[in-house]
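Structural features, examined
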Amino acid sequence: MYNNRIYLSLSQQSGFEQDYVQRALDSNWITSGGPNVDDFENKLQDYFDEDSFIAALNSGTSAIHLALILLGVKTNDEVICQSMTFAASANPILYQGAIPVFVDSEPETWNICPESMEIAIKDRIKKGKKPKAIIAVHLYGMPYKVDQIHAIADQYEIPVIEDSAEALGSKYRGRKCGALGTFGILSFNGNKIITTSSGGALVCNSSDLKEKGIFYATQSKDKAPHYQHSEVGYNYRMSNICAGIGLGQIKILESNIEKRRKNHFFYRDVLKKIEGVKLLESTDEIFFSNYWLNTIIVEPTKSRNKESLRLILENANIESRPLWKPMHLQPIFEKYPYYGNKVAEELFNNGLCLPSGSNLKDEDKDRIEKVIKAFFNC
Ligand SMILES: *Cc1c(COP(=O)(O)O)cnc(C)c1O
């Protein structure tokens, strides 16, 4: 059988990472912050529009936490959160002692459902508390319904944290995901579209908010010759070494997006004639996905389902994985309020992520195609 494993999403190097890391070592600047961090922030800022201000941090999770802090989320406040996501979207709500209110997905983008969200907001207000923030996620790179979600958020005057951890390079109506909300967050974890080994960023809409974010991320040091603190601080800043990796990686951001999108068109081609399987895709100009991961729904029959496909792929040494298990079904979160039907649940029951790395080779695709076609008897 095949020896080399085909993974879901591996990082890929540009070859320039080492030079930037060496620069940090040579200058002995090997702590958090520093010239590579400044340069990395500037490069990201160039990528986004000029009214976005970017604070580089040690993870995407820290970025979400800081966004909640900057929005003044405190103990017992309520925060709306897309249920269908990775736990990192929701955990920072608990760090603040706040209460997550989970909302179902809609079937087109698999992201937060505008109708369920409005029902949730109205009901929470009726029960006595207006949610302090909304965390909406561009899952697998697919933009959520930004116009609808933000219109409701504006109507009720609730700020939106745009979890763009998986969506660097995605666009909604031509506007870059990550810069559309009150705050945006990015992740540069090892499996994301570019990596800093571990890292993230907070996208702010003013330089004051960026500076305040960095203030909290570097232990909330007041202006004084000694260490003086009047607020709780965190150790969340990106290290100069990690930013060096990021500077090498950002050179291949555009080509990584292109390669991931090419993978998507490969899957679209393979799957279009197969019955009983549906690829998450967008065919209009509004939703431009980086297709970080390609995801499918396998319609279950008596003889096959997503788990039997996963096992057959596994048998051919091809990694695939069930979709994120919705947060409202997780033991840690199941006691919190949930609004919706069973959209996210059904996606989880029947969905699978397929290998989608930017280093997927033609022979890998051939192997994947053969296994999928054999599975569906075509
Ligand atoms: C990866 C990810 C995060 C967290 O990013 P880290 O950098 O790993 O902390 C948050 N939300 C989503 C949807 C993610 O996929």
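It should be noted that the structure appears before, not after, this text.
As a starting point, this report considers the structure included with it.

Considerations on the packing of helix α5 (residues 114-126) against helix α6 (residues 146-155)
Viewed as axis vectors pointing N to C, α5 and α6 meet at an angle of 15°, and their least axial separation amounts to 9 Å. One way to sum up the angle between α5 and α6 is to call them roughly parallel. In the crossing of α5 with α6, the sense of the turn from one axis to the other is right-handed. Residues P114, M117, E118 and I121 of α5 form the contact with α6, whose participating residues are Q148, I149, I152, A153 and Q155.

Describing helix α11 (residues 343-350)
Buried within α11 are the following residues: A344, L347, F348 and N350. In this structure, the buried side of α11 is in contact with β12 (294-298), α10 (306-315), β13 (321-322) and β15 (351-354).

Describing the pairing of strand β4 (residues 133-137)
Counted residue by residue, β4 has five buried out of five residues, so it is predominantly covered. On β4, burial covers both faces: A133, I135 and V137 on one face and I134 and A136 on the other are all buried. In terms of strand pairing, strand β2 (residues 78-82) meets β4 through three bridges, oriented parallel. Considered in β4, the bridge of V79 is made with A133.

So, the site of the ligand
Around the ligand, the surrounding shell holds 15 residues, and the nearest of these are T61, D163, E166, S187 and K192. At 2.5 Å from an oxygen atom of the ligand is found a side-chain nitrogen or oxygen belonging to E166. At a separation of 3.5 Å, an oxygen atom of the ligand approaches a polar backbone atom of G199. When isolated, the ligand has an accessible area of 380 Å², and the protein chains bury 94% of it. Within the shell around the ligand, the residues separate by chemical class into four nonpolar, eight polar and three charged.

Quick notes on unusual backbone geometry
The backbone of N76 sits at a positive phi, close to 70°, despite the residue not being glycine. With respect to the helices and strands, the residue N76 is situated in the loop between α3 (60-70) and β2. Owing to a relative accessible area of 44%, N76 belongs among the partly exposed residues under this scheme. We note that W110 has phi near 70°; this positive angle belongs to a residue other than glycine. Looking at the element boundaries, W110 is found in the loop between β3 (99-103) and α5. With relative accessibility at 1%, the residue W110 sits in the buried group.

Criteria and cut-off values
Residues numbered from 1 in each chain as written. Predicted model: local features only at pLDDT ≥ 70, side-chain atom pairs only at ≥ 80, totals over all residues. Heavy atoms only, no water. Axes fitted to C-alpha atoms, helices over the stretch in contact; angles between N-to-C directions. Helix = DSSP H or I, 4+ residues; strand = E, 2+ residues; numbered from the N terminus. Parallel < 35°, antiparallel > 145°, perpendicular 65-115°, else oblique. Left-handed = near helix turned anticlockwise from the far one by under 90°. Contact = heavy atoms within 4.5 Å. Buried < 20%, exposed > 50% of the residue type's maximum accessible area, 1.4 Å probe, protein only. Pairing = 2+ DSSP bridges. Near = heavy atom within 4 Å. Polar contact = N/O pair within 3.5 Å; in protein donor to acceptor, adjacent residues only side chain to side chain. Areas by Shrake-Rupley, 256 points an atom, 1.4 Å probe, with all protein chains shown as cover. Nonpolar A, V, L, I, M, F, W, Y, C, P; charged D, E, K, R; others polar.

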